[in-house]
Amino acid sequence: MSLCLTLKELLAPWFTVPQTLAATTVSQLELDSRQVETGVTFVAIKGHAVDGRQFIDSAISKGANAVIAQACDTKQHGLIEYQGEIAIIYINDLAEILSQLAGRLYAKHDNQLIAVTGTNGKTTITQLIAQWLELVDYRAAVMGTTGNGFLADLQPAANTTGNAVDVQRTIAQLAEQGAQYTALEVSSHGLVQGRVRALPFAAGVFTNLSRDHLDYHGTMEEYAEAKFSLFSQHLCQRAIINIDDKVGAQWCERLEDAIAVSLYPQTDANAVWATSVTYSEQGIEIAFDGKFGAGQLHAPLIGEFNASNVLLALTTLLALGIDKHLLLEMAPQLVPVLGRMELFAHQGKAKVVVDYAHTPDALEKALCALRVHCHGHLWAIFGCGGDRDKGKRPMMAEIGERLADHVIISDDNPRSENPAEIVQDMLVGMTHPDKAIVQHDRFKALLHAIEHANEQDIILLAGKGHEDYQVLANETIHYSDRESAQQLLGLTS
């Protein structure tokens, strides 16, 4: 990218840079000192885990042409220090203004942004939006859990929502590559930490809210307000809200002009609702009506929650002015998202469905969705992550016992915790824990299910979805549920 500002131009809203530094050029910002190269401007903020100001010396030694650092009691706003010829400029509230600062350098593009937030469904909806736009001849990219970029060439992402500088830079890079739209998964962490604060969203979508990330937010109320801030504290031109979720229904009353979306008939003129939904192994048929008129579509996805995802994606695109008839015509060409209710089947064996469900609500929805399609026994293989919210462990086990015919509890990124202790936390939630099979090795857990299931059965392998790794105490090893399913069903050569 041929982007360039002077330090004076970059910092103008917050500080008047003296003439001696005014001509210093900024062409790239970097928060990680390890990524600094000659000519890069290092931004040193106090983060949630690491204080970047500790790495100023390192950044300068690697060739930083200037440092913009977060002010504090001993280094007050406007202070300029020098190491050799390199200036270190201290600015108040740098972490809070970081998105705006990065936007001044990178946000010179026409890439329309769509934010999707909620506990579940973010990846599916962003990718459905991008798929649909591509099918009707727009260039569309995504940013989120499964990576950043165009769907045919996603680049790995460390977090669902990257840091404020990386987000602005990536959006600009995608625009340079031709993206007219980018759909972003926006996490509660990303919202609270201001990573998307200065982004102008053409539309914001809310999927649902259920228990997750309480190890970070503390309470469901704080978690909900973090998500709501997309609409209340960020630049969001249009709000598209799932009112089948009780939190979404409450939010619709708080948000003027929000477009309500429901799988059930509504009377509000500013809503889109399904008049009928039909489920089969071939996918979902949705007839709908409301704000954008009536229509009907077929999408080859499985389950009620995917009907909601499809309707939310459709409503968002209609709100952005995309042609309805083209969208409906192309809907049958949509494809399931990698590791999201992804079906693997081989004649004579049970079907295996790989899904990312790793919260109580997502597991419940996945099992309910598969029950409709299951003509035999329904199996559930899942675990709970280590170093994460322990409260959801018995809840997930209870859901598995209640909704599946057979439960196998396995490992799912145990991290630093003892896997056996995680399993014990889960078993507490079951009425008959002795009937659950415990097999820590996920490959062996799936092997057991396939060996004991028949052709009419469905096996839900939940929790990891697209992930191709298992995080253990001292190492991260390669492991993929998708590869396991393909290998054990004989789908690989």
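Since the structure is predicted, the reported quantities are computational estimates derived from the model, not experimental observations.

Novice: Even after reading the chapter, I still don't get the UniProt feature "binding site: UDP-N-acetyl-alpha-D-muramoyl-L-alanyl-D-glutamate" (unreviewed entry) in the chain, so can you show me in this structure?
Specialist: Per the UniProt entry, the sites bearing "binding site: UDP-N-acetyl-alpha-D-muramoyl-L-alanyl-D-glutamate" (unreviewed entry) are Leu31, Ser33, Asn159, Thr160, Thr161, Ser187, Gln193 and Arg195 in this numbering. Here Gln193 lies in the loop between helix H7 (188-192) and strand E12 (200-206). Gln193 gets classed as partly exposed once you look at its relative accessible area, which sits at 22%. Among the secondary structure elements, Arg195 is positioned in the loop between H7 and E12. Setting aside residues no more than four positions away along its own chain, Arg195 makes contact with Ser99, Asn159, Thr161, Gly162, Asn163, Ala164, Val167, His189 and Gly190.

Novice: In this structure, what is going on with the UniProt feature "binding site: ATP" (unreviewed entry) in the chain? I would like to understand it.
Specialist: Taking the UniProt record as the reference, the feature "binding site: ATP" (unreviewed entry) is found at Gly118, Thr119, Asn120, Gly121, Lys122, Thr123 and Thr124. Filtering out sequence-adjacent residues up to four positions away, Gly118 remains in contact with Phe206, Thr207, Asn208 and Lys227. In this fold, Lys122 is placed in helix H5 (residues 122-135). Using a relative accessible area of 12% as the deciding quantity, one classes Lys122 as buried. Among the polar contacts listed, one links the side chain of Lys122 to the backbone oxygen of Gly118, at a separation of 2.7 Å.

Novice: Is there a simple way to explain the environment of Glu329 in this structure?
Specialist: Structurally, the position occupied by Glu329 is in helix H12 (residues 324-330). Taking the C-alpha atoms as reference points, Glu329 and Gln424, 95 residues apart in sequence, are found 50 Å from one another.

Novice: Hey, could you run me through the pattern of salt bridges in this one?
Specialist: Between side chains of opposite charge, pairing is possible as soon as their charged atoms come close. Under the criterion given, the structure shown has 18 salt bridges. Of the charged contacts, one joins Glu417 and Lys390 as a salt bridge, the two residues approaching to 4.0 Å between their closest N and O atoms. A residue pair is termed long-range when its members are at least 10 positions apart, and Glu417 in the loop between strand E22 (406-409) and helix H15 (419-427) and Lys390 in the loop between strand E21 (378-382) and helix H14 (392-403) qualify at 27 residues. Residue classification places Glu417 among the buried positions, given a relative accessible area of 13%. Members of the salt-bridge network, linked through shared partners, are Lys390, Arg393, Glu417 and Asp425.

Novice: For this particular structure, what's the right way to read helix H11 (residues 304-319)?
Specialist: An α-helical segment advances 3.6 residues per turn. Residues three or four places apart therefore align on the same side. Here H11 contains 16 residues, and its C-alpha end-to-end distance of 23 Å stays within 8% of the 22 Å for a straight helix at 1.5 Å per residue. Along H11, 14 of the 16 residues are buried, which leaves the element largely enclosed by surrounding structure. Of the residues one or two after H11, Gly321 is the one with positive phi, at around 90°.

Novice: Any chance you could explain the sheet that holds strand E4 (residues 41-44) here in plain terms?
Specialist: Strand pairing in a sheet relies on backbone hydrogen bonds. The paired strands run either parallel or antiparallel. In spatial order, the strands read E3-E4-E5-E7-E6; together these five strands make up an open sheet with mixed pairing. Strands at the two margins of the open sheet, each flanked by one partner only, are strand E3 (29-30) and strand E6 (80-83).

Cut-offs used in this document
Residues numbered from 1 in each chain as written. Predicted model: local features only at pLDDT ≥ 70, side-chain atom pairs only at ≥ 80, totals over all residues. Heavy atoms only, no water. UniProt positions renumbered as here; feature names shortened; annotations may be inferred. Helix = DSSP H or I, 4+ residues; strand = E, 2+ residues; numbered from the N terminus. Buried < 20%, exposed > 50% of the residue type's maximum accessible area, 1.4 Å probe, protein only. Contact = heavy atoms within 4.5 Å. Polar contact = N/O pair within 3.5 Å; in protein donor to acceptor, adjacent residues only side chain to side chain. Salt bridge = Lys/Arg side-chain N within 4 Å of Asp/Glu carboxyl O. Expected span 1.5 Å × (residues − 1). Pairing = 2+ DSSP bridges.

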